[in-house]
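Fold and contact review
For reference, the chains in residue letters:
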Amino acid sequence: MVSKNTICLWYDGAALDAATFYAKTFQDSAVGAVHHAPGDYPAGKQGDVLTVEFTVMGIPCLGLNGGPGVPHTNAFSFQVATDDQAETDRLWNAIIGNGGQANVCGWCQDKWGLSWQISPRVLTAAVTDPDPAIAKRAFDAMMTMTKIDIAAIEAARRG
């Protein structure tokens, strides 16, 4: 790993599968080195994939096949800024369509339990608008959504 600071994500034997999915789904993502366990360990055997170096949208990550003891929580997530509805739909559908689960306000979880917020830039601009009435309308619209609908956010922004 080149980076001094790397995000380590714990998986229950699926680090390589997850890294491969992220690399196929998100731009500027790739699977790097795959390291095999030099000996038996609590969650696996010698020769099993122990760690996977990968990047997600340019962010260096390490997938650790540490076993079931530490599941992902919403306390850590990736927030993906999208440029249009097509990109929003593509990423959302990729996560949900690969065994993930939809949540509210643009949040979803992949099949490994990692949380993602697929967040159009239009939404961020709207809910941080300097006009509090515009920001509130956009925020209220977002609160009714699962996947973010850019046209509905823009309509709420206009009033």
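Reference entry: report on the structure contained in this document. (Residues numbered from 1 in each chain as written. Predicted model: local features only at pLDDT ≥ 70, side-chain atom pairs only at ≥ 80, totals over all residues. Heavy atoms only, no water.)

The phi angle at Asp28 is positive, at roughly 55 degrees, despite the residue not being glycine. Looking at the secondary structure, you find Asp28 in the loop between helix H1 (15-25) and strand S2 (30-36). Taking the relative accessible area as the measure of exposure, Asp28 reaches 58% and is therefore exposed. The backbone of Cys105 shows a phi angle near 55 degrees, a positive value even though the residue is not glycine. Relative to the helices and strands, Cys105 resides in the loop between strand S6 (101-102) and strand S7 (107-109). (Helix = DSSP H or I, 4+ residues; strand = E, 2+ residues; numbered from the N terminus. Buried < 20%, exposed > 50% of the residue type's maximum accessible area, 1.4 Å probe, protein only.)

Let us look at the packing of helix H4 (residues 132-142) against helix H5 (residues 150-158). A packed helix pair is summarised by two numbers, namely the angle formed by the two axes and the spacing between the axes. Interhelical geometry of H4 versus H5 gives an angle of 150 degrees and a closest axis separation of 8 Å. Judged by the angle between their axes, H4 and H5 are roughly antiparallel. Both H4 and H5 take part in a crossing whose hand is right-handed. Only Ile153, Ala156, Arg157 and Arg158 of H5 make contact with H4, whose side of the interface consists of Ile134, Arg137, Ala138, Ala141 and Met142. Of the residues assigned to the contact of H4 with H5, the class counts are 6 nonpolar, no polar and 3 charged. (Axes fitted to C-alpha atoms, helices over the stretch in contact; angles between N-to-C directions. Parallel < 35°, antiparallel > 145°, perpendicular 65-115°, else oblique. Left-handed = near helix turned anticlockwise from the far one by under 90°. Contact = heavy atoms within 4.5 Å. Nonpolar A, V, L, I, M, F, W, Y, C, P; charged D, E, K, R; others polar.)

The subject of this paragraph is the packing of aromatic side chains. For the coordinates displayed, the defined rule picks out 8 aromatic pairs. Between Phe21 and Trp112, the ring centres sit 5.7 Å apart and the planes meet at 55 degrees, which makes this aromatic pair tilted. Highlighted residues: Phe21 in helix H1 and Trp112 in the loop between S7 and strand S8 (115-120), separated in sequence by 91 residues. Side by side, Phe21 and Trp112 carry an identical accessibility label, which is buried. Put simply, the rings of Phe21, Tyr22, Phe26, Phe54, Phe76, Phe78, Trp112 and Trp116 pair up and form one aromatic cluster. (Phe/Tyr/Trp six-rings, centres within 6.5 Å; stacked < 30°, edge-to-face > 60°.)

All we've got here are geometric facts, nothing functional implied.
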